[in-house]
Amino acid sequence: MGKFQYGGQAVIEGVMMRGPDEMAIAVRCPNDEIVIEKQPVASWMNGVLMKTPVLRGTGALLDALILGVKALSFSAGKATDEEEEELTPWEIAVTISVALVMGAGLFIFLPTAAAHLTRQLVPNLFLQNLIEGIVRIALFFGYIAAISRMPDIQRVFQYHGAEHKVIHAYEAGEELTVANAQRQTTLHPRCGTSFLLFVMVIKIFAFSLLPDATLFWKVAYRLALVPFVAGISYEIIKLSGRYPRFWLMRLFIQPGLWLQRMTTREPDDRQVEVAIRALLAVLPQTVSTQDGAVNKAAGERLKGSITEEPAVV
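Residues take numbers from 1 onward in each chain, read along the sequence in its written order. Per-residue local features of the predicted model are confined to residues with pLDDT of at least 70, and side-chain atom pairs are confined, for both listing and counting, to 80 or more; whole-chain, interface and lining totals are unaffected and use all residues. With hydrogens and water stripped out, all remaining heavy atoms of the structure feed into the side-chain values.

Draft legend 1. Spatial organisation of the nonpolar core. The set of buried Ala, Val, Leu, Ile, Met, Phe, Trp, Tyr and Cys residues whose side-chain atoms join them within 4.5 Å is what this entry labels a nonpolar core. Burial status follows relative accessibility: with a 1.4 Å probe on protein chains alone, a residue under 20% of its type maximum counts as buried, one over 50% as exposed, and anything between as partly exposed. Ranked by size, the top nonpolar core spans 27 residues in total, and within it Tyr6, Met17, Val166, Leu176, Leu279 and Leu283 carry the most contacts. Only DSSP runs of H or I reaching four residues or more are called helices, and only runs of E reaching two or more are called strands; each is numbered from the N terminus. Listing elements by their share of this core, those giving two or more residues are strand S2 (14–18), strand S3 (22–28), helix H4 (151–171) and helix H9 (269–282). Considering every element that reaches this core, the biggest residue donor is H9, with nine residues. Throughout, a contact is declared for two residues whenever any of their heavy atoms are within 4.5 Å. Non-local contacts of Val166, meaning those with residues more than four positions away in its chain, are made with Met17, Leu176, Ala181, Val272, Ala275, Ile276 and Leu279. Counting residues in each nonpolar core, the second largest holds 13 residues, with Ala60, Phe198, Val199 and Tyr234 among its members.

Draft legend 2. Representation of empty space enclosed by the protein within the structure. Think of a 1 Å grid over the protein atoms and nothing else: a 1.4 Å probe that fits but is trapped marks a cavity, an open set flanked by protein within 12 Å on at least five of seven lines marks a pocket, and residues with an atom within 4 Å of a point count as lining. Grid points are joined across faces, edges and corners, and a volume is the space filled by probe spheres set on the points. Applying the stated rule across the entire model yields one cavity of 30 Å³ or more. Here the largest cavity is characterised by a volume of approximately 40 Å³. Lining the largest cavity are Thr112, Ala115, His116, Leu125, Gln128, Asn129, Glu132, Lys218 and Arg222. Considering each element in turn, the lining of the largest cavity owes the most residues, four residues, to helix H3 (residues 125–147).

Draft legend 3. The arrangement of helix H7 (residues 215–242) in detail. Expected helix span is taken as 1.5 Å per residue step, with the number of steps being one fewer than the number of residues. If you check H7, its first and last C-alpha atoms are 40 Å apart, about what 28 residues at 1.5 Å a residue would give, namely 40 Å. Fitting axes to the seven residues that end at a residue and to the seven that start at it, the angle between those axes gives the bend at that residue. The largest bend along H7 measures about 40° and falls at Val226, with the proline Pro227 one to four residues further on.

Draft legend 4. Region of interest: the pairing of S2. A large share of S2 lies buried, amounting to five of its five residues. Side chains Gly14, Met16 and Arg18 project from S2 onto one buried face, and the interleaved Val15 and Met17 project onto a second face that is buried too. For strand S1 (residues 7–11) and S2, the ladder comprises five bridges, and the chain directions are antiparallel. Paired with Val11 across the strands is Gly14, a residue of S2. Whether two strands pair depends on DSSP finding at least two bridges between them.

Draft legend 5. Region of interest: the confidence of the model for the chain. Residue-level pLDDT values for the chain average 83, and 85% of them are 70 or greater. The pLDDT value expresses, per residue, how confident the predictor is, ranging between 0 and 100. Low pLDDT (under 50) marks residues 286–310, which in the prediction has 57 contacts with non-local residues, meaning those over four places away or in another chain.

Draft legend 6. Spotlight on H9. With 14 residues, H9 extends 21 Å from end C-alpha to end C-alpha; this agrees with the ideal 20 Å at 1.5 Å per step. Counting buried residues in H9 gives ten out of 14 residues, a clear majority hidden from the surface. For H9, the full list of buried residues reads Gln271, Val272, Val274, Ala275, Ile276, Ala278, Leu279, Leu280, Ala281 and Val282. Buried residues belonging to H9 abut S2, S3, strand S4 (34–40), H4 and helix H5 (178–182). The term polar contact refers here to a pair of N or O atoms within 3.5 Å; inside protein, the definition further demands a hydrogen-donor-capable atom paired with an acceptor-capable atom, and it admits residues adjacent in sequence only when both atoms are side-chain atoms. Where H9 begins, the side chain of Asp268 points an oxygen toward the backbone nitrogen of Arg270, at a separation of 3.1 Å.

Draft legend 7. Highlighting the UniProt feature "transmembrane region" (unreviewed entry) in the chain. UniProt positions are given in the numbering used here, feature names are shortened, and annotations may be inferred rather than shown by experiment. The UniProt record marks residues 92–114, 126–146, 191–210 and 216–237 with the feature "transmembrane region" (unreviewed entry), using the residue numbering of this structure. Its end C-alpha atoms 30 Å apart, residues 126–146 is made of 100% helix and 0% strand.

Draft legend 8. Quick peek at the packing of helix H6 (residues 192–207) against helix H8 (residues 247–263). A fitted line through C-alpha atoms represents every axis, and for helices the fit uses only the stretch in contact; the resulting angles, taken between N-to-C directions, go from 0 to 180 degrees. Where H6 contacts H8, the axes come no closer than 8 Å and their chain directions differ by 120°. Comparing the axis directions of H6 and H8 gives the class oblique. Crossing of H6 over H8 shows right-handed handedness. From H6, Thr193, Ser194, Leu197 and Phe198 reach across to H8, where they touch Phe252, Pro255, Gly256, Leu257, Leu259, Gln260 and Thr263. Each residue gets one of three labels, nonpolar for Ala, Val, Leu, Ile, Met, Phe, Trp, Tyr, Cys and Pro, charged for Asp, Glu, Lys and Arg, and polar for the others, Gly among them. Of the residues in the contact of H6 with H8, the class split is six nonpolar, five polar and no charged. Here roughly perpendicular refers to angles of 65 to 115 degrees, roughly parallel to angles under 35, roughly antiparallel to angles over 145, and oblique to all remaining angles. We call a crossing left-handed when the near helix sits turned anticlockwise from the far one by less than a right angle, and right-handed when that turn is clockwise.

Draft legend 9. Structural context of the pattern of salt bridges. Salt bridges are defined as contacts in which a side-chain nitrogen from Lys or Arg sits within 4 Å of a carboxyl oxygen from Asp or Glu. By the definition in use, this model includes eleven salt bridges. The salt bridge partner of Arg136 is Glu132, with a shortest N-O separation of 2.7 Å. Residue Arg136 and its partner Glu132 are located together in helix H3, separated by four residues, close to a single helical turn. Residue Arg136 is classed as buried on the basis of its relative accessible area of 1%. Judged by relative accessible area, which is 2%, Glu132 ranks as buried. In this structure, the salt-bridge partner of Arg222 is Glu132, at a minimum N-O distance of 2.8 Å. With Arg222 in helix H7 and Glu132 in helix H3, the pair connects residues that are 90 residues apart, well separated along the chain. Neither Arg222 nor Glu132 differs from the other in exposure class; each is buried.

Draft legend 10. Representation of the environment of Ser148 within the structure. Mapped onto the fold, Ser148 is located in the loop between H3 and H4. Sequence spacing of Ser148 and Met262 is 114 residues, and the spatial spacing of their C-alpha atoms is 7.3 Å. Residues contacting Ser148, with those up to four places away along its chain left out, are Ile153, Gln154, Phe157, Met262 and Arg265.

Draft legend 11. Geometry of a nonpolar patch on the surface. On the surface, Leu239, Tyr243, Phe246, Trp247, Leu248, Leu251 and Phe252 cluster together to form a nonpolar patch covering roughly 740 Å² of accessible area. When residues of the nonpolar patch are assigned to their parent elements, the largest contribution, four residues, is made by H8. The class for Phe252 is partly exposed, based on a relative accessible area of 35%. Candidate patch residues must exceed 30% relative accessible area and have no salt bridge, after which like charges are joined if within 9 Å and Val, Leu, Ile, Met, Phe, Trp or Tyr side chains if within 5 Å. Reported accessibility uses the Shrake-Rupley method at a 1.4 Å probe radius. Residues are deemed covered only where the shown protein chains occlude them.

Structure follows, in structure tokens:
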């Protein structure tokens, strides 16, 4: 079992960081105060599902969805200075279900239906699947390009960049200061953006193995394969995070890094400070200096003291 690799996600005016046993959400409020909320991670998120190859990809996806919804709910209230009640398990389940249905409709049903309509002009099943994959990737890129024009999303992308910079600084064993983090890149091989791109590409190959069928069964087959595709994608992300300098891994990593140029922006110092506070909150036994930095030697000891499955950044 490998060392735990910290990760998280950007939220509204803040960053969520996921540790082995808990997550921390740091949000900058309108009064300039940084508020931190820590919540325990459900036991199943560290159970057998998260330690079984391939299957843990589905577990990681559910983990990210559940923690992400909780973090976004908290940050939305704090960033707007409005008190919001914590989402109930039922509300979280409904929110995630709606998101999954919308995602399946946009990235599974629409591409499959578009390719299915070409079967008279393109009788070759492999070419139909290739068309389907191209449509799916085009929708994915188009969606990212469209939302990236929104000012609020651009702010989120800046916090995404801040999260990556802080994770890079920690993994390099440096003190967690704003200056050290700002020297890092906003691109990271374990990014969720790269994970989604792997899913899109692997789907092309996995779906090409499926038999021809009616549109209903084509969609059903593809939905059934989603956990397998997510599992394979997760294993690739894991390997790329552990061996980023190996030439074969670099070939896998590079397209995801290119795509991250669309989903990350250079953060300012205040945003990096928020990301540092979030990470410090989930690091056990951190030794803080007066400027909020964690001692480099302590960081090195911490990195060798935890052995759990990695998180997607």
